[in-house]
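What follows is the residue order along each chain.
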Amino acid sequence: MISEESCDTDAGNSALSVAMVDVSKWPLFTLLSAQELASIRQACIFGASANEAIYITHDDEVYVLGLNCSNCLGTGDSQSTIVAKKLDCLTGKKLVSLSYGSGPHVLLATEEGELYAWGHNGYSQLGNGTTNQGVSPILVTTNLQNKKVTEVACGSHHSLALTHEGEVFAWGYNNCGQVGSGSTANQPTPRKVSNCLQNKVMVSIACGQTSSMAVADNGEVYGWGYNGNGQLGLGNNGNQLTPSRLIGLQGLCVLQIASGYAHSLALTDEGLLYAWGANTYGQLGTGNKSNQLSPVQVMTEKERIVEIAACHSTHTSAAKTQSGQVYMWGQCRGQSIVLPHLTHFSSTDDVFACFATPSVMWRLLSMEHDDFLTVAQSLKKEFDNPETSDLKFSVDGKYIHVHKAVLKIRCEHFRSMFQSHWNEDMKEVIEIDQFSYPVYRSFLEFLYTDSVDLPPEDAIGLLDLATSYCENRLKKLCQHIIKRGITVENAFSLLSAAIRYDAEDLEEFCFKFCVNHLTEVTQTAAFWQIDGNMLKEFICRASHCGAFKN
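For clarity, every value in this text was computed on a predicted model and none was experimentally measured.

*Asks:* I keep staring at the side chain of H120 and nothing clicks. Help me out?
*Replies:* Within the secondary structure layout, H120 lies in the loop between β7 (115-119) and β8 (134-139). H120 sits in the buried class, given a relative accessible area of 17%. A polar atom in the side chain of H120 sits 2.9 Å from the side chain of Q125. Beyond its immediate sequence surroundings of up to four residues, H120 is in contact with S70, G103, P104, H105, Q125, L126, Q133 and H157.

*Asks:* Can you help me understand the pairing of strand β27 (residues 398-402) in this one?
*Replies:* For a regular strand, the rule is simple: side chains alternate between the two faces of the sheet. Pairing of strand β26 (residues 391-395) with β27, which is carried by five bridges, proceeds in the antiparallel orientation. Paired with S394 across the strands is Y399, a residue of β27. Taking the residues that link successive antiparallel strands as the turn, the β26-β27 hairpin has two residues, and the phi of D396 there is positive, at about 55°.

*Asks:* Which parts of the structure should I look at to understand the packing of aromatic side chains?
*Replies:* The relation between two aromatic rings is expressed through the spacing of the ring centres and the mutual angle of the planes. Taken as a whole and judged by the stated rule, the model has 21 aromatic pairs. On the numbers, 5.9 Å between centres and 15° between planes, the contact of F414 with F418 is stacked. As far as the burial class goes, F414 and F418 line up, both buried. The rings of F393, F414, F418, F435, Y440, F443 and Y469 are connected pair by pair, giving a single aromatic cluster. Directly above the ring of Y399 sits K392, whose terminal nitrogen or CZ lies 4.3 Å from the centroid.

*Asks:* Would you take a moment to explain the pairing of strand β1 (residues 40-46) for this structure?
*Replies:* Here β1 lies mainly inside the structure; seven of its seven residues are buried. Both β1 and strand β2 (residues 52-57) contribute to a ladder of six bridges, which runs antiparallel. By the bridge assignment, Q42 is partnered in β2 with I56. Linking β1 to β2, which pair antiparallel, is a turn of five residues; within it G47 sits at a positive phi near 105°. Bridge analysis of β1 against strand β25 (residues 365-366) gives two bridges, and the strand direction is antiparallel. Looking at β25, one finds that Q42 is bridged to S366.

*Asks:* How do you make sense of the UniProt feature "repeat: RCC" (unreviewed entry) in the protein when you look at a structure like this?
*Replies:* The positions that UniProt labels "repeat: RCC" (unreviewed entry) are, in the present scheme, residues 113-165, 166-218, 219-270 and 271-322. Secondary structure across residues 113-165 comprises 0% helix and 43% strand; the distance between its end C-alpha atoms is 11 Å. Within the segment residues 219-270, helix and strand shares are 0% and 44% respectively, and the terminal C-alpha atoms sit 12 Å apart.

*Asks:* What am I meant to see in the sheet that holds strand β21 (residues 305-309) here?
*Replies:* Strands belonging to one sheet form pairs held by backbone hydrogen bonds; the direction of such a pair is parallel or antiparallel. The strand order β21-β22-β23-β24 describes an open sheet built from four strands, whose pairing is antiparallel. Each edge of the sheet is formed by a strand with only one pairing partner; in this case those strands are β21 and β24 (335-342). Across the sheet, the mean angle from the axis of one strand to that of its neighbour is 10°, orientation sign disregarded. Pairing of β21 with strand β22 (residues 316-321), which is carried by four bridges, proceeds in the antiparallel orientation. Each residue of the ladder has a partner; that of E307, found in β22, is K320.

*Asks:* Explain a nonpolar patch on the surface here, please?
*Replies:* Residues L31, I82 and V83 make up a contiguous nonpolar surface patch of about 300 Å² in total accessible area. Note that I82 resides in strand β4 (residues 81-86). Overall, the relative accessible area of 61% leaves I82 in the exposed class.

*Asks:* How should I be thinking about the pattern of salt bridges in this particular structure?
*Replies:* When their charged atoms lie close together, side chains carrying opposite charge are able to pair. The full count for this structure, using the stated rule, is 20 salt bridges. With its nearest N and O atoms 3.1 Å apart, the salt bridge here joins E507 to R541. On the criterion of sequence distance, the pair formed by E507 in helix α11 (residues 504-516) and R541 in helix α14 (residues 532-544) is long-range, its members being 34 residues apart. For R541, a relative accessible area of 26% puts it in the partly exposed group. Via salt bridges that share partners, E507, E508, K512 and R541 belong to a single interconnected network.

*Asks:* I'm lost on the sheet that holds strand β28 (residues 429-432) in this one. Help?
*Replies:* One open sheet holds the three strands; their spatial order is β27-β26-β28, and the pairing between them is mixed. Because the sheet does not close on itself, it has two edges, and the strands there are β27 and β28. Strand-to-strand twist across the sheet, computed as the mean angle between neighbouring axes with direction ignored, equals 25°. Across the face of the sheet, helix α7 (residues 437-449) comes into contact with β26, β27 and β28 while running at roughly 10° to β27.

What counts, and at which threshold
- Residues numbered from 1 in each chain as written.
- Predicted model: local features only at pLDDT ≥ 70, side-chain atom pairs only at ≥ 80, totals over all residues.
- Heavy atoms only, no water.
- Helix = DSSP H or I, 4+ residues; strand = E, 2+ residues; numbered from the N terminus.
- Buried < 20%, exposed > 50% of the residue type's maximum accessible area, 1.4 Å probe, protein only.
- Polar contact = N/O pair within 3.5 Å; in protein donor to acceptor, adjacent residues only side chain to side chain.
- Contact = heavy atoms within 4.5 Å.
- Pairing = 2+ DSSP bridges.
- Phe/Tyr/Trp six-rings, centres within 6.5 Å; stacked < 30°, edge-to-face > 60°.
- Lys NZ or Arg CZ within 6 Å of the ring centre and 35° of its normal.
- UniProt positions renumbered as here; feature names shortened; annotations may be inferred.
- Axes fitted to C-alpha atoms, helices over the stretch in contact; angles between N-to-C directions.
- Patch = residues over 30% accessible without salt bridge, like charges linked within 9 Å, V, L, I, M, F, W, Y side chains within 5 Å.
- Areas by Shrake-Rupley, 256 points an atom, 1.4 Å probe, with all protein chains shown as cover.
- Salt bridge = Lys/Arg side-chain N within 4 Å of Asp/Glu carboxyl O.

Encoded structure:
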C-alpha cells in the first residue's frame, strides 16, 4: 500500500525493461530464422542508422549482428555481419540493463552487478581510462569495486551507472558538464556524482545527447550538462556542471524519466505527464514548436498515463495510457506531430520500430511471457494430443486425435456431421478411407493452425478433399502450393487434377506452363497417361493459343 507521504518509484522503473513485442517489426531481425527468433529473451536495436542488434537467448547466450560501426558489436574485429555471432565472454551473464551511445558505445549491467563496456571510446566513455576502441566487452571496475550496478544510461559520448545503494557514477565526454564533476574536462573513469546528490538515494537515470538526469527515491528530479534547449527544465538555458534540482516539478512525485535528443519527459505517481526542452519537431506535445525551459503538463485531457518513452538518438515521444492506448508525437517518419496522436499500436516500442528516425529501441526489450500462449498457439499445441482429445480419426491404420468442438467451430462439414441424425456423432473413432493419412492429417491440422505444409503431389489430394468439403480457403492454399511446385514432369498431372477439381485459376496456370514447355511436357509419362478426351481438349486449346504454329 502506498501512503500519501511516500512514492513507490520502483513501479515506474519496471517499465524500463519489460515489454511484450514482436521483434520482427525491426528489419534487422528478419535476418534470423523462426527458431532463432523463438530463442530470444531480450533484445535491442541500436546504432546511428539502427543497423546493429544485440539479443540474449533463454539460455543466457549473447548474440550480435549488423554493421559494427566503431566495433560496437564487440566481436573482436571491425567486420560487419548478417549472421548472428555469439559473444562467448558474456555467456551465462543475466542482463538487467543495457544502453548505447551515438558512437556507438555499449554499456551492459548484469544481475551480479558487473558492468561491461565496448565500442567507441574516443572520449573514454568506456570508463577504462583510455581512448582506445573497445573491440570486445571489457569489465569496468575503476571506483566500482564492491559496488553492484543496477542500471546504465548512455548519452552521445558519456555514460552513467546507478548502483544498488542509489549512487550515480558518470564518465566520458564532458564538454557541457554532463559528467557532473564541476568542470568540462573529460572523465576517463567512473566518478561518483555528488554535490546535491550527496546522501540522496537515486532510483533511475537517463541521458539526452549531452545531458544527464536522475530521479531520487522521493520523486525529486535532478539534471546536469547541456541546457541550450532547456532540456534540464531549470527555467533557463545555461549549462550545469553539477546536478541541479528541477524546481518546476516540486510537489510532484516522479516515477519515470525519459530523455530524447534534447527534450525530456517525466511521469508522476498520479499518471501525469510533463515535458520540457527542445520542441523543433513538436516532441513536447504542446501543440506548437516552441522550446520549454520548464516542465509543462501535456495530455491533460487524456486518461492516466502509465508509461512514457523517448530515446537520446531520436526526437520522438510516446506514451501509454491505463487502458492500453498508445500515443506518439514529435518526429514521426519525417513529419512533425505537435500533439499526441492516438495510434493503433499496443506498445510504445512499436512507435519506435515504425516511426522513429533512426528506428532504434528506446529500451532493452524482454520477450519473457510466463509461458503464456495465445488462443492460436494453444490450439496448435493441442492438435493430435491424445490427452485432451475426445475423438479419433483412423486413416490408413493410424489415429489422428482431435476435438469435436474445434471441428464444429472451424468446418461446416463437421458442424453437419456432429448432429444427432448422423451416425458419426455417436462414435469415438471415425474411419476415413477415401483420403490418405498425410492428406487427412494435413486437413485436420489446417483447422487448428490455418496453415498447410505438404508437397505438391499430396496437395492434389488435399485439393480434392477441400473441394469435397467446400473449404474454399483451403482450396486456395492448395492451389498456391501446387503452383510453387510445378515442374515439367508433374505439370500435366497437375493440370488434369485442376480440371478434375474445378480449380479454374490453377487450371489456367498449369495450362500456360504446359504450353510454355510443350516439347518437354509431351515427352513425360504423365502426358501419355492422360485420357483421350482430355488430351484432345488440350491439343485443341493449345492450338488456339498458337502453340503449334511454324
